[in-house]
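Structure assessment
Okay, here's what each chain looks like letter by letter:
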Amino acid sequence: MKRLYLILAIFVFFFGCKNEGKKNKPKSEPLTVFPTIVNPLNLKYESLFDEESPTWISTANYNFNYIGKLKDSISLEIESFSIAEFQENRKKCSKIEKRQLPNAEYYIEWDKKNRYSFMQEQKVEIQISSKKINNFYIALLRNRTKDTIPIGFGDRIPLILEAKNRLGKWEPIQERFVYMCGNGVGTIILPPTEIAITLVPNFKGNYKTQLRLSMGINKSNAIFGNINYRQFESKFDENGEYKEEYKNEIKTPENNQR
């Protein structure tokens, strides 16, 4: 009988600990509800990305089309930051006038000291909508931490678009945009609870797969889209030279007429 009581006691203890663990498990934050986008932009691919249907891995070029408070409806801009504008007004404007520049409160000049850690270490909520606007997907980034974090350099968000290959593995189909010279390139910051919105290319191709955005340790949800399968591949070889296949492509009469 004592042995039976001992077994029952162990069972109750184990079951109770298991349920307690479930109770104490932290709840995940609900995803941000996408705001209504008003006054859609009449943008073409040429204004944001190299081409509409790249056949090789392409360069990422994600601008800030909005940055600020989360609202029920948001009107997008062509771009929220202009490095040229900040640099032009840097010396000739007073401190008060600088603060009045569009979104100046989100921009830290490159020679100013700050304590913001490298953005890839920050946790940022990234969501991509399957709904399209002017043939672009809409992506929303939100700072769910309690701290102000860096989210971009210059006027770019360091996002990369990834796709699943035929083996079911996530691989990049874009390369990160890199400034030729880092001098004069400031940092863009995102305060707690605030958001940034950017546009994602809707590539054309005969390979249907899943797509997601990546920024350091942060990954977005996945949506279905189409790409050219060779977008996983660079047009350059290991020596930095154009591949023969690419050279042959640009020699074709069709390409020579462009």
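To be clear, the structure that these remarks concern was listed above.
Just so we're clear, the structure is a prediction, and the values are computed from it rather than from any experiment.

Considerations on the overall build of the protein chain
Counting secondary structure elements, the protein chain contains five helices and 18 strands. Looking at the protein chain alone, contacts between residues at least 24 apart form 71% of all its contacts between residues at least 6 apart. A total accessible area of about 16,300 Å² is found for the protein chain, and carbon and sulfur atoms account for 53% of it.

Thoughts on the packing of aromatic side chains
Summed over all chains, the structure comprises five aromatic pairs. With centroids separated by 4.8 Å and ring planes inclined at 85 degrees, the aromatic side chains of Tyr207 and Tyr229 adopt a geometry described as edge-to-face. Within this pair, whereas Tyr207 is found in strand β16 (residues 207–215), its partner Tyr229 is found in the loop between β18 (223–227) and α4 (244–250), the two being separated by 22 residues in sequence. You can call Tyr207 buried: its relative accessible area is 14%. The interplanar angle of 65 degrees and the centroid separation of 5.0 Å between the aromatic rings of Tyr229 and Phe232 together place this pair among those described as edge-to-face. Taking relative accessible area as the criterion, Tyr229 reaches 26% and is therefore assigned partly exposed.

Overview of the sheet that holds strand β7 (residues 125–133)
Reading across the sheet, the four strands line up as β4-β15-β8-β7 and stay open at both edges, with antiparallel pairing between neighbours. The open sheet has two edge strands, β4 (66–68) and β7, and neither has a second partner. Put simply, the sheet's adjacent strands are angled 20 degrees from each other on average, direction ignored. Pairing analysis gives six bridges linking β7 to strand β8 (residues 136–142), with the strands arranged antiparallel. Opposite Glu125, over in β8, you have Arg142 as the bridge partner.

Here we look at unusual backbone geometry
A positive phi is found at Asn135, a non-glycine position, where the angle reads about 70 degrees. By the element assignment, Asn135 lies in the loop between β7 and β8. With a relative accessible area of 25%, Asn135 lands in the partly exposed category. Despite not being glycine, Thr193 shows a phi value in the positive range, around 70 degrees. Turning to its location among the elements, Thr193 is positioned in the loop between β14 (187–190) and β15 (195–201). Judged by its relative accessible area of 46%, Thr193 falls in the partly exposed class.

Things to note about the pairing of β8
Among the seven residues of β8, seven are classified as buried, and the element is accordingly described as predominantly covered. Every second residue of β8 is oriented toward a common face, with Phe136, Ile138, Leu140 and Arg142 on one face and Tyr137, Ala139 and Leu141 on the other, all of them buried. Between β7 and β8, which pair antiparallel one after the other, the connecting turn spans two residues, and Asn134 there sits at a positive phi close to 50 degrees. Judged from the seven bridges that link them, β8 and β15 form a sheet pairing that is antiparallel. Looking at the pairing, Leu140 lines up with Ile197 of β15.

Conventions used here
Residues numbered from 1 in each chain as written. Predicted model: local features only at pLDDT ≥ 70, side-chain atom pairs only at ≥ 80, totals over all residues. Heavy atoms only, no water. Helix = DSSP H or I, 4+ residues; strand = E, 2+ residues; numbered from the N terminus. Contact = heavy atoms within 4.5 Å. Areas by Shrake-Rupley, 256 points an atom, 1.4 Å probe, with all protein chains shown as cover. Phe/Tyr/Trp six-rings, centres within 6.5 Å; stacked < 30°, edge-to-face > 60°. Buried < 20%, exposed > 50% of the residue type's maximum accessible area, 1.4 Å probe, protein only. Pairing = 2+ DSSP bridges. Axes fitted to C-alpha atoms, helices over the stretch in contact; angles between N-to-C directions.

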